[in-house]
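Take a look at the letters that make up each chain.
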Amino acid sequence: MREPEVTYKPESLTASRPLLWGAAVLSLIMMAPVAWLVGLSIKSNQDLMMGTDSVFRFPYTLVNYLNILHSSQVFGWLLNSVIVATGHTLGVLVLSSLAGYGFARLEFPFRRTVFVIVLFGLAVPEQAVIIARHQMFSWLNLHNTYLGLMLPGFSSAFGVFLMTQFFRAIPKDIDEAALLDNASQFRIFWKIMLPLTLPAQATLGIFTFLGAWNDYWWPLISATRKEMYTLTIGIASSQTNFAQSEGLGFLAAQAVFASLPAIIVYLIFQRHIVTAVSGGAVK
Amino acid sequence: MAESYRRSQWSHGLFILPYLCFFLVLLVFPLFWGMWLSLHKADLFGPGRFVGLTNYTRVLADPVFLQALRNTIIFVAVSVPALVVIGLFLALALNRTTRATSFFRGLFFSSSVLSVTIVTLIWRFVFIPGDGLLAVLFKQVGLTPISFLSTSGWSLFSVGAATVWWCIGLPMMLFLAALQQVPQDLYEAAALDNASGWRVLTRITLPSIARTIVLVTIIQIVLQFQLFGQAQLMTNGGPSGTSRPLVMYIYEVGFVRWDIGRGAAASQILFLIILVAAMAQYIVSSRKTEA
Amino acid sequence: MSASIELENVSKRYGALTVLDDISLSIAAGEFVVFLGPSGCGKSTLLRMIAGLEDVSSGTISVGGRRVDTLPPGKRGVAMVFQSYALYPHMTVRQNMAFGLENIGVPKDEIGRRVKAAAQTLEIDHLIDRKPQKLSGGQRQRVAIGRAIVKEPAAFLFDEPLSNLDAALRGRTRLELAQLHARLGSTMIFVTHDQVEAMTLADRIVIMNARRIEQIGTPMEIYQRPATRFVASFIGSPTMNFLPLTAIEKGQSGLALSVAGLGRVETSFPSQTKIDVEGASLGIRAEDLSISAEGETGIPLKAEIVERLGDRTLVYGVLGDGSKLTVEADGRAAVRAGEVLQVRLAPDTFHLFAADGRAVRGGQ
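Bear in mind the structure is a predicted one, so any value in this text is a computation, not a measurement.

Calculation notes
Residues numbered from 1 in each chain as written. Chains lettered and ligands numbered in written order. Predicted model: local features only at pLDDT ≥ 70, side-chain atom pairs only at ≥ 80, totals over all residues. Heavy atoms only, no water. Phe/Tyr/Trp six-rings, centres within 6.5 Å; stacked < 30°, edge-to-face > 60°. Helix = DSSP H or I, 4+ residues; strand = E, 2+ residues; numbered from the N terminus. Buried < 20%, exposed > 50% of the residue type's maximum accessible area, 1.4 Å probe, protein only. Lys NZ or Arg CZ within 6 Å of the ring centre and 35° of its normal. Contact = heavy atoms within 4.5 Å. Buried area = accessible area lost by both parts, 1.4 Å probe. Salt bridge = Lys/Arg side-chain N within 4 Å of Asp/Glu carboxyl O. Polar contact = N/O pair within 3.5 Å; in protein donor to acceptor, adjacent residues only side chain to side chain. Nonpolar A, V, L, I, M, F, W, Y, C, P; charged D, E, K, R; others polar. Pairing = 2+ DSSP bridges.

A. Spotlight on the packing of aromatic side chains. For the structure on display, the rule yields 40 aromatic pairs over all chains. On the basis of an interplanar angle of 55 degrees and a centroid distance of 4.9 Å, the ring pair of A:Phe103 and A:Phe115 is categorised as tilted. With A:Phe103 in helix α4 (residues 72–105) and A:Phe115 in helix α5 (residues 111–121), this pair connects stretches of sequence that are 12 residues apart. According to the relative accessible area criterion, A:Phe103 is buried, its value standing at 1%. The class for A:Phe115 is buried, based on a relative accessible area of 12%. On the numbers, 5.8 Å between centres and 70 degrees between planes, the contact of B:Trp123 with B:Trp165 is edge-to-face. Taken together, the residues span a long stretch of sequence, with B:Trp123 in helix α5 (residues 116–127) and B:Trp165 in helix α7 (residues 154–167) at a distance of 42 residues. When its relative accessible area of 8% is taken as the criterion, B:Trp123 is described as buried. Cluster of aromatic residues (ring-pair linked, three or more members): A:Tyr101, A:Phe167, A:Phe186, A:Phe189, A:Trp190 and B:Phe15. Looking at C:Arg285, its charged tip hangs above the ring of C:Tyr223, at a distance of 4.1 Å from the centre.

B. Region of interest: the interface of chain B and chain A. Residue-level contacts link 96 residues of chain B with 100 residues of chain A. Between chain B and chain A lies a buried interface of about 8,700 Å² when both sides are counted; carbon and sulfur atoms form 77% of it. Its largest share of buried area at the contact with chain A, chain B owes to B:Phe15, B:Tyr19 and B:Phe125, together 10% of the area lost on that side. Joining chain B to chain A, the criterion identifies zero salt bridges. If you look at where chain B meets chain A, you find 16 residue pairs in polar contact (both at pLDDT 80 or more). Its residues assigned to classes, the side of chain B that touches chain A comprises 66 nonpolar, 22 polar and eight charged.

C. Region of interest: the interface of chain C and chain A. Across the boundary between the two partners, chain C contributes 23 residues, which contact 15 residues of chain A. Summed over both partners, the interface of chain C with chain A buries about 1,700 Å², with 59% contributed by carbon and sulfur atoms. Here chain C is connected to chain A by three salt bridges. When the shortest N-O distance is used, the salt bridge between A:Glu176 and C:Arg48 registers 2.6 Å. Between chain C and chain A we count 13 residue pairs in polar contact (both at pLDDT 80 or more) in total. When residues of the side of chain C that touches chain A are traced back to their parent elements, those giving at least two are α1 (43–51), β6 (78–81) and α2 (93–103) of chain C. The dominant element in the side of chain C that touches chain A, judged by the number of residues it contributes, is α2(C), at four residues.

D. The arrangement of the pairing of strand β14 (residues 281–284) of chain C in detail. All names here are of chain C. Alternating residues of β14 divide into Ser281 and Gly283 and Leu282 and Ile284, and every residue in both groups is buried. Judged from the four bridges that link them, strand β11 (residues 241–250) and β14 form a sheet pairing that is antiparallel. Across the sheet, the residue bridging to Asn241 is Ile284, located in β14. When β14 meets strand β20 (residues 351–353), the two strands line up antiparallel, connected through three bridges. Looking at the pairing, Ser281 lines up with Phe353 of β20.

Structure below.
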């Protein structure tokens, strides 16, 4: 008897090799622009003036990165970004946790109505409110302040929605046990519920932080003084004097430097970000 | 009567009160204030003269607005299908947990965490005439380099390429999440039924995630209608307005020319378009049964 | 510390839907009472109303003579063990037990003393610094009980606490609960749908069905003198045989009943009993029937299925008119399916139920 030929393996059910090769080719397109950027950033401006194809040849240098250290502006913007994104994130976490607990666990008049109205907030694009918001912040003299840069983010309904979902997932028995343990409503929230949502807090926090870090619209309009720029706006402003072949290397190094915080956060917290993206949006 | 913890109490509302204040002041009020402004000849510090719907008629008659609207629709019509198809392809290819697939997933999502400023900078380096990556490659193979960012037609395309590169992570992740929900035994049953790979894809996989495909499409329509940063930073809407999107029109009218009333009117029109898409999303996502 | 519990005319309604209808019950201090009934009968709701987790629509609840139905759950002096245990996942065993005491401001050394004592009693002192997810099902159960004990409550409420344990552990935990009750002497209310738990644990069983209490009594009363046909059918395994009646007459010493499949049977039910034959039925437990010895006469029964349980044998058979009858025989009985047996009746053990399900008293 001849051995039967093995033509079938169970794991070939869900994905196949040609698809994987296709993804590998796309990944090259994904990486090429970044490799080019990094390449430019480690060439001296003189070399690049001769032609950017010098990227493929020695010598390489870190002089562009050293130049960033001498330009204090970038560090000022970095600091602004850290302050604004951190404040924005903390605010969203506090507000969303409180509201999410309220919506998911407590009963009060008009709860459903208010929740539906808040959900409608998810559908309001920033452009629809930005002109009026800008005017309000002018009245209150909030432009070019940290508070002015943070505040609009506090109204985002996404975090409330996400935290409501997370609180709903905690078994009701837990609150009931705490009630029988004589805990007050706030103590149940603070000592029992909040610790149980720590993973959710991390997810929402990182997601919000990245969003705030990368925000372009609002700081572009609100921060008009150069020293109040966030890193995103600052880098954009240096792009406008993007003179061909002049300072390309320095600009590239700036871009690499400016993308590092987001990339580092991403590498550390990849799993949380994926949860926020796929969990928050599908439901 | 017992004072049960389940009992509706005003004091319970205190938990949502802080958020509600911000929501009302920073979202609801500006939304209606914006509508009010759109009916006025307004300047930087408040509404001036009431002009009724004049702002709307002027916006709708403005050739610059119409051009921006057309640009945006073309942009959405091209970039959204590209995002959905490539995202779906990647999800199908990477729907398995091996070291290689999780690396690729991480890679394809990584661009999404960059700011628009970085993304446009990266792509400008690719597109700069003479010195960009594409120009260098074109020269290597003996083609004449194109000035992508300053040639009409190519400029909007370049913005689209950068956008797809930047945004591909989200559709991929959403499709992956949907694929994990497809019960494994469906595939096992299909294997026992001798179904070919193609039939499994068209008869089992795609129908199972049909709702997600529709949802992702709508989400992307909503997102891509708000195109702004890429166009502003890469082409500044040029050449001669051929890559200017709607949001950039709003920005220029409202914050460069300071014609607040008209900017508000244009933003309400955009809001209306997005609202229709969001409603579609709500209807699809609240429909429990899959098509 | 233990206290009596008094329920007076307690009802629970959700809008037009009535879940519990006019329940009155008094439980003595130190008593172990089991609420037993099929799922959906309202037994858990009643327990949660005593705990304060559900509103009382009408009626009053008192614990130790103090009306509590207007108090929040924490102020009622009762402790509850949940079916899911509901341990706080982020706290250690020690913190789980201490939480309730901290909330009412018990001094730290007192908390430590009580937690230590409870942990020793339940033999979980070596687990005291672990978190719940590192514990087995049985260990979590003990922690949940420990969390109740440290509060030294006026009454313990158990909501199907054994249903998440495997069979062997359930049996052992049942015994330990009985010991715990004997040692603490506290009032305990225990909700279950498992009749074995009810029979073994309870001082008194409260049988509930369809919004109402069917019967309250000691396990033996409930078993031997079921007040309704529902109780008779719910308690006991295999289920009691019910045969419809065709005529009721005065017999020699009591009622003479004409029973479908059995013919005319003399019983000891008092002959003056007033009962309408329409819808009435005779109930006989399988163990009260026996197989006649070789040569003796009895009621012929064709055995259809024979279940051998080791210590006893259950014979499921058909009577001459097609009615089904289950008989319990000795473990060594040589019955085979298909055989026709002679069954001996013991009229003293009969139960007689009127059309409304109520039992007629006086047979025994």
